[in-house]
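So the chains spell out like this:
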Amino acid sequence: MTSTVNNELDEALVRRAVDALLKYEKKNASKKESSQLLGTYAKPVLVQVQLKKPIKSPVIRPVRVKIPYSMFDSDGEDHSICLFCRSSDKEAISNYISAHPVDGLTKVVSIDDVKKQYKAFKDRKTLLSEHTHFVCDTRIFSQLINLLGKVFGKRNHLPIPIDISNMDKIESSVNKAVHNSTYMSIAGQTITLRLGHTNMASDKVAANILSGVRVAVEKLDVGVRLGGVHSVHIKSPDSAALPIHFTHNSDIGDFVAAAAESTQEDSEGEPISAPKSVKKGKKNVMSSKTKKTGATPSKKTTGAKTPTGKTKSKSK
């Protein structure tokens, strides 16, 4: 893992981590009896970027990140797109798509449909499982995310807002949304990007990670390159997170580095001291008092028999 000296991702480490993750998922899929886990269904490769400081201007809206290799392939994968639109526009959009098919776009859902047909949790979960990509009219995004709830939010599948006010631009807007990645710039110090899936070639996933993380960090404006990034991990939805970048805390990192280089005390015989930011534990109250007074702390004596057979009274 890298330190504060190198503000770029280690390409060799990224490739090793991607190889390990894809091999793990392939091995797991081969153990499953369900036929849809491999070949027709691919799990997303997620990249978690933890920042040193909270995001400056959080906005509940996906931010687009351009990547070199698309995660959408309607020919090679069972990928499909679902479009959310205004109720008044559904008929016109459906007619337009029938006359001018958009690659991968298989379903159009209106706001009223979401309220009536997908009100129940299980129905929204079914809708989520039926499609791999979701887009929506930018004019209904705020209303839509409240209706879809955490079913879509937790799985990083909130629809990507696009401009469909002009029917002739529907195809280009949809393609631009599904062929790139996004992240949610919400309050906090962590963002998650989808930069590949388990059916993609390992080198393409690695290339997307190397490029996508750099672009996302630039848009977040958290420092030069990865200077404002604490750590970067990759994972699938149900795997452990593999670290591919880590920046040490400046105070602790400097202290550890100094301690590692020095195996002896300095020339004056004084050991290296910890940084001021490291808080020391509280001293034992009894021992501090004893040092000041020089007295030995009194002990409680229990009732004991003397050589004469008489019992001494208990003293406090």
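The rules behind the values
- Residues numbered from 1 in each chain as written.
- Predicted model: local features only at pLDDT ≥ 70, side-chain atom pairs only at ≥ 80, totals over all residues.
- Heavy atoms only, no water.
- Helix = DSSP H or I, 4+ residues; strand = E, 2+ residues; numbered from the N terminus.
- Buried < 20%, exposed > 50% of the residue type's maximum accessible area, 1.4 Å probe, protein only.
- Polar contact = N/O pair within 3.5 Å; in protein donor to acceptor, adjacent residues only side chain to side chain.
- Contact = heavy atoms within 4.5 Å.
- Pairing = 2+ DSSP bridges.
- Axes fitted to C-alpha atoms, helices over the stretch in contact; angles between N-to-C directions.
- Arc of directions from axis to C-beta.

> Just to check I follow, could you spell out the side chain of S239 for this structure?
As for its placement among the helices and strands, S239 is situated in the loop between β9 (229-235) and β10 (242-246). Classification of S239 by relative accessible area gives buried; the value is 11%. A distance of 2.9 Å separates a polar atom in the side chain of S239 from the backbone nitrogen of S236. Here S239 is in contact with L21, Y24 and E25, once residues within four sequence places are set aside.

> I would appreciate a short explanation of the sheet that holds strand β8 (residues 190-197) in the present structure.
In a beta sheet, neighbouring strands pair by backbone hydrogen bonds and run either parallel or antiparallel. Strand order in the open sheet formed by four strands is β8-β1-β9-β10, and the pairing between neighbours is antiparallel. In this open sheet, the two strands that pair with only one neighbour each are β8 and β10. Averaged over all pairs of adjacent strands, the angle between strand axes in this sheet comes to 20°, irrespective of strand direction. As defined by bridge partners, strand β1 (residues 44-51) adjoins β8 across seven bridges and the pair is classed as antiparallel. Counted as the bridge partner of V47 is L193 from β8. On the sheet, helix α8 (residues 202-220) packs against β1, β8, β9 and β10 and is oriented at approximately 150° with respect to β8.

> Looking at this model, I keep getting lost on helix α4 (residues 121-130). Mind explaining?
Spacing of three or four residues puts side chains on the same side of an α-helix, whose turn is 3.6 residues. Where α4 is concerned, the buried positions are R124, L127 and L128. All buried residues of α4 lie within an arc of 100° about the axis, which places them on one face of the element. Opposite the buried face of α4, by more than 90 degrees, sit the exposed residues K122 and S129. In the core, the buried residues of α4 are packed alongside β3 (81-85), β4 (105-110), β5 (133-137), α5 (141-148) and α6 (150-153).

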